[in-house]
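Next come the chains, spelled out residue by residue.
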Amino acid sequence: LAPRRGEGSESKVFEAAPIGAFSDWLRAAPERRFLAYLNFQATHYPYVIPETRTPLYQPSEIDFPTTYLHYPADKISLMENRFYNALHEVDSAVGEVVELLKAAGVWQETILLMVSDHGEAFYEHGVPTHGTMLLEEQIRTAALVRLPGASARVVTEPVSVLDLVPAVVDFLELPPHGNFQGREHILAPDYSAKGRPLLFTIQGITQEDALLLDEWKLLLNYDRRVRALFNLANDPGEHQNLAPSQPAKLAELDRQLSSLLLGQLSYYREQGWEQGWYPPKLP
């Protein structure tokens with residue numbers, strides 16, 4: 001892994017803090033439309049929950065050396081237990097938010113969007129946590145969108161987190177904003193990701209870009225100088241690098257990835273936002 005670029009610090013608060021702040025704000029908010037964003041952190045390493053909570057999954061006590069990038073391989077199941085306990089904490093927090101909205105009399109008209117910004121690894125490919133590789137365990141997540149009056153259904157086609165806000169705006173029949181880069185029609189019954197390239201990037205612990213196109217996935221890591229090509233239909237665990245045996249497919253995805261990156265990097269290189277430009281839309 002490359003050394004961390006830059007220095008900084010990270011801290012987190014328990015879920016009760018944003019819930020309390022939201023509760024206070026909701027009681028004082030005037031009767032009008034509102035947008036509220038709550039960030040829950042329990043599921044981030046080391047998956048800490050309040051001491052007043054009883055962990056459901058045991059064992060879960062850390063009594064061994066551990067860092068964000070390493071813990072003993074024989075402790076994976078314990079760290080998974082901690083993660084599941086943290087997930088339960090977040091689930092409970094979301095339930096509290098729903099109850100607050102019901103108590104305020106606005107739940108029936110409320111859109112609820114739940115999404116994670118990444119997955120979490122437990123040594124599936126030799127590393128824990130996230131932000132180290134753009135493999136499936138670190139980038140594939142679930143999203144939940146509750147739309148008033150809409151029937152429940154499951155969308156199995158791949159989408160991007162960049163699609164979610166445009167989709168909500170489209171549901172509200174509001175005009176799309178120029179800053180939206182994703183697709184707004186992902187909730188349409190005929191939505192398909194067939195032929196749609198999806199872009200991923202890491203710029204932190206390591207530098208890596210990736211492209212998902214149908215069942216094919218390309219990873220380019222610039223620190224480790226690794227180029228990998230996977231067929232997720234045949235190899236969902238991403239264990240067989242097909243780059244040496246599939247040069248034509250490798251070149252095809254490489255061209256598409258380079259094209260997408262060129263558009264994005266040009267915008268930021270020229271500081272387009274200062275000129276009033278909107279970022280380029282993604283496919």
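All residue numbers refer to position in the chain's written sequence, counted from 1. Only residues with pLDDT of at least 70 get local features here, since the model is predicted, and only at 80 or more are side-chain atom pairs given and counted; chain-wide, interface and lining totals rely on the full set of residues. Computation of side-chain values: all heavy atoms of the structure, hydrogens and water removed.

Topic: the overall build of the protein
Phase 1: Runs of H or I in DSSP of at least four residues are treated as helices and runs of E of at least two as strands, each being numbered from the N terminus. A tally of helices and strands in the protein yields five helices and eight strands.
Phase 2: In the protein, the succession of α and β elements from N to C terminus is α-α-β-β-β-α-β-α-β-β-β-β-α.
Phase 3: A compact globule built from 283 residues would reach a C-alpha radius of gyration of about 19 Å, and the protein, at 21 Å, matches this within 12%.
Phase 4: If one aligns the C-alpha atoms of the protein with their principal axes, the spans along those axes are about 60 × 55 × 40 Å.
Phase 5: We call two residues contacting when some pair of their heavy atoms lies within 4.5 Å. Looking at the protein alone, contacts between residues at least 24 apart form 55% of all its contacts between residues at least 6 apart.
Phase 6: Of the roughly 17,100 Å² that the protein leaves accessible, carbon and sulfur atoms contribute 55%.
Phase 7: Of the side chains in the protein, 24 bear a positive and 37 a negative charge, and the two mean positions are spaced by 4 Å. Throughout, the radius of gyration refers to the C-alpha atoms, and the reference size of a globule is 2.2 Å times the residue count to the power 0.38. All accessibility values rest on the Shrake-Rupley procedure with a 1.4 Å probe; residue burial counts only the protein chains present in the view. In this tally Asp and Glu are treated as negative and Lys and Arg as positive; neither His nor the chain ends contributes. In this description, the location of a charge corresponds to atom NZ of lysine, CZ of arginine, CG of aspartate or CD of glutamate.

Some remarks on the layout of surface pockets
Phase 1: Taken as a whole, the largest pocket spans an internal volume of roughly 2,100 Å³.
Phase 2: Of all the secondary-structure elements, those providing two or more residues to the lining of the largest pocket are helix H1 (16-28), helix H2 (76-103), strand S1 (112-115), strand S4 (143-146) and helix H4 (164-171).
Phase 3: With seven residues, H2 is the largest single contributor of residues to the lining of the largest pocket.
Phase 4: Classification convention: Asp, Glu, Lys, Arg as charged; Ala, Val, Leu, Ile, Met, Phe, Trp, Tyr, Cys, Pro as nonpolar; all other residues, Gly among them, as polar. Tallied by class, the residues present in the lining of the largest pocket amount to 33 nonpolar, nine polar and eight charged. Any residue with an atom within 4 Å of a point lines the site, the site being either a cavity, points on a 1 Å grid over the protein atoms alone where a 1.4 Å probe fits but cannot get out, or a pocket, an open set with protein on both sides within 12 Å along at least 5 of 7 lines. Grid points are joined across faces, edges and corners, and a volume is the space filled by probe spheres set on the points.

Description of the sheet that holds strand S6 (residues 207-213)
Working definition: the strands of a sheet are paired by backbone hydrogen bonds and lie parallel or antiparallel to each other.
Phase 1: Only when DSSP finds a minimum of two bridges between them are two strands counted as paired. Taken together, the four strands give an open sheet; going across it, the order is S5-S6-S7-S8, and neighbouring strands pair in antiparallel fashion. Edge positions in the open sheet fall to strand S5 (197-203) and strand S8 (226-231), since each of these has one partner strand only. Direction aside, the axes of adjacent strands within the sheet are offset by 10° on average.
Phase 2: Only C-alpha atoms enter the line fits that serve as axes; for helices the fit covers just the stretch in contact. Angles between N-to-C directions range over 0 to 180 degrees. On top of the sheet, helix H5 (residues 247-269) reaches S5, S6, strand S7 (216-221) and S8; it is set at about 115° to S6, its chief contact.

With respect to the packing of aromatic side chains
Phase 1: Any two of the Phe, Tyr and Trp rings considered here, Trp counted by its six-membered ring, make a pair once their centres fall within 6.5 Å; the pair's planes then place it as stacked at under 30 degrees, edge-to-face at over 60, or tilted in between. Scanning the model with the defined rule gives 13 aromatic pairs in all.
Phase 2: When the ring of Trp25 is compared with that of Phe34, the centres are 5.3 Å apart and the planes differ by 75°; the resulting orientation is edge-to-face.
Phase 3: To sort residues, take the accessible area from a 1.4 Å probe on protein chains only and compare it with the maximum for the residue type: under 20% means buried, over 50% means exposed, and anything in between is partly exposed. You can call Trp25 partly exposed: its relative accessible area is 35%.
Phase 4: The partly exposed category is assigned to Phe34, whose relative accessible area is 31%.
Phase 5: Among the aromatic side chains, those forming a connected cluster through ring pairs are Tyr45, Tyr47, Tyr57, Tyr68, Phe83, Tyr84 and Phe122.
Phase 6: Across from the ring centre of Trp107, 4.0 Å away, lies the NZ or CZ of Arg146, which sits over that ring. As a reminder, the over-ring test applies to NZ of lysine and CZ of arginine, requiring each to be within 6 Å of the ring centre and within 35 degrees of the ring normal.

Description of the side chain of Asn221
Phase 1: Here Asn221 lies in strand S7.
Phase 2: Side-chain atoms alone can form a polar contact between residues adjacent in sequence; in general such a contact is a pair of N or O atoms within 3.5 Å, and within protein one must be able to donate a hydrogen while the other accepts it. For Asn221, the side chain forms a polar contact with the main-chain nitrogen of Asp223, separated by 3.0 Å.
Phase 3: Ignoring sequence-local partners within four residues, the contact set of Asn221 consists of Thr206, Gln207, Glu208 and Val226.

Side note on the nonpolar core
When a protein is soluble and globular, its nonpolar side chains tend to lie buried together.
Phase 1: We define a nonpolar core as any set of buried Ala, Val, Leu, Ile, Met, Phe, Trp, Tyr and Cys residues linked to one another through side-chain atoms lying within 4.5 Å. Residues Phe40, Tyr47, Tyr71, Met79, Val97, Leu101 and Phe122 are the most contacted members of the largest nonpolar core, which totals 25 residues.
Phase 2: Elements that contribute at least two residues to this core include exactly H1 and H2.
Phase 3: Broken down by element, the residue count for this core peaks at 11 residues, all from H2.
Phase 4: Apart from residues no more than four positions distant in its own chain, Tyr47 is found in contact with Ala42, Met79, Arg82, Phe83, Ala86, Glu120, Phe122 and Thr129.

Quick word on the confidence of the model for the protein
Phase 1: Chain-level pLDDT for the protein is 93 on average; 96% of the residues reach the 70-or-more range.
Phase 2: Note that pLDDT drops below 50 for residues 1-9; the model gives that stretch 13 contacts with residues more than four away or on any other chain. The quantity called pLDDT is the predictor's confidence in a given residue, expressed from 0 to 100.

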